[in-house]
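# Inside the fold
Listed below are the residues making up each chain.
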Amino acid sequence: MFERILVAVDSSPTRLSTVHSAAAMARLTGARVRVLHVAASAATLAAVVPLEDDSEAESVLDEAVGVLRRSGVPAEGVMVHALTTQIAGVISETAATWKADLLVLTPHHRDMFGALWDPRVSDAVVHTGRTAVLLVPEGDGNDPAEPPVTDR
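The rules we used
- Residues numbered from 1 in each chain as written.
- Predicted model: local features only at pLDDT ≥ 70, side-chain atom pairs only at ≥ 80, totals over all residues.
- Heavy atoms only, no water.
- Core = buried A, V, L, I, M, F, W, Y, C linked by side-chain atoms within 4.5 Å.
- Buried < 20%, exposed > 50% of the residue type's maximum accessible area, 1.4 Å probe, protein only.
- Helix = DSSP H or I, 4+ residues; strand = E, 2+ residues; numbered from the N terminus.
- Contact = heavy atoms within 4.5 Å.
- Expected span 1.5 Å × (residues − 1).
- Lys, Arg positive; Asp, Glu negative; His and termini not counted.
- Salt bridge = Lys/Arg side-chain N within 4 Å of Asp/Glu carboxyl O.
- Polar contact = N/O pair within 3.5 Å; in protein donor to acceptor, adjacent residues only side chain to side chain.
- Axes fitted to C-alpha atoms, helices over the stretch in contact; angles between N-to-C directions.
- Left-handed = near helix turned anticlockwise from the far one by under 90°.
- Nonpolar A, V, L, I, M, F, W, Y, C, P; charged D, E, K, R; others polar.

Before going further, it helps to spend a moment on the nonpolar core. Ile5, Val7, Val9, Val33, Val35, Leu68 and Val104 are the most contacted members of the largest nonpolar core, which has 23 residues in total. Among the elements that line this core, the one with the most residues is helix α2 (residues 54–70), at six residues. With sequence-adjacent residues up to four places away left out, Val104 is seen in contact with Ile5, Leu6, Val7, Ala8, Thr18, Ala22, Leu134 and Val136. Judged by nonpolar contacts, the second largest core, of 14 residues, contains Leu36, Val38, Ala40 and Ile87.

Below, the structure written as structure tokens:
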């Protein structure tokens, strides 16, 4: 059913939960995986400020692709630069352009008040995209570096 899985990762400690879930789904279905990392910048009145430098962004992307490949999953990575307000659109557009069958990402939990002021990227992707979405619950940040590989 799923032949092309796009997994969107950020630099949060819970990103490996998302990668492990994508790896498990890809192994079950024989899918190829593309990892997307958006190197975000914030716009102020006077300037655009990067929230991470390119080496940090590449490190996040390389880590995710490496975990997938060591799991036996064919994977490639793509990094895109965008403003924080554009991240959801970039994810949805990348999924559509690559013709992904499934998009995997982690919703970052906020309280109701916080979500009103700063909506979650996952909410925007779910409501605007045309790709099936798997939302992976946040782990505790202590995910193992390697996903368990089983023959089930």
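If you check helix α1 (residues 15–29), its first and last C-alpha atoms are 21 Å apart, about what 15 residues at 1.5 Å a residue would give, namely 21 Å. Three or more residues of α1 are buried, namely Arg15, Leu16, Ser17, Thr18, Val19, His20, Ala22, Ala23 and Ala26. Buried residues belonging to α1 abut β1 (4–9), β2 (32–43), α2 and β5 (102–105). Positioned one or two residues after α1, Gly30 has a phi angle of 75°, which is positive.

The subject of this paragraph is the side chain of Glu52. For Glu52, the location among the structural elements is in the loop between β3 (48–50) and α2. It turns out Glu52 is buried and unbridged, and the closest side chain with the opposite charge, Arg15, is 7.9 Å from it. A distance of 2.4 Å separates polar atoms of two side chains, one belonging to Glu52 and the other to His37. Each residue touching Glu52, except ones within four places of it in the same chain, is listed here: Ser11, His37, Val38, Ala39, Ala40 and Ala57.

The subject of this paragraph is the side chain of Thr18. Turning to its location among the elements, Thr18 is positioned in helix α1. When residues no more than four places from it in sequence are discounted, the contact partners of Thr18 are Val7, Ala8, Val104, Leu105, Thr106 and Val136.

Turning next to the environment of Arg69. With respect to the secondary-structure elements, Arg69 resides in helix α2. In this structure Arg69 comes out as exposed when scored by relative accessible area, which is 53%. When the C-alpha atoms of Arg69 and Ala23 are compared, they prove to be 8.8 Å apart, with 46 residues separating the residues in sequence. Arg69 has contacts with Ala75 and Glu76, leaving out every residue within four places of it along the chain.

So, about the packing of α1 against α2. With their axes 9 Å apart at the nearest point, α1 and α2 run at an angle of 35° to one another. The element α1 and its partner α2 pack so that their crossing is right-handed. For the pair α1 and α2, contact is made by Arg15, Leu16, Val19, His20, Ala22 and Ala23 and by Val60, Glu63, Ala64, Val67 and Leu68, respectively. Residues of the contact of α1 with α2, tallied by class, amount to eight nonpolar, one polar and two charged.

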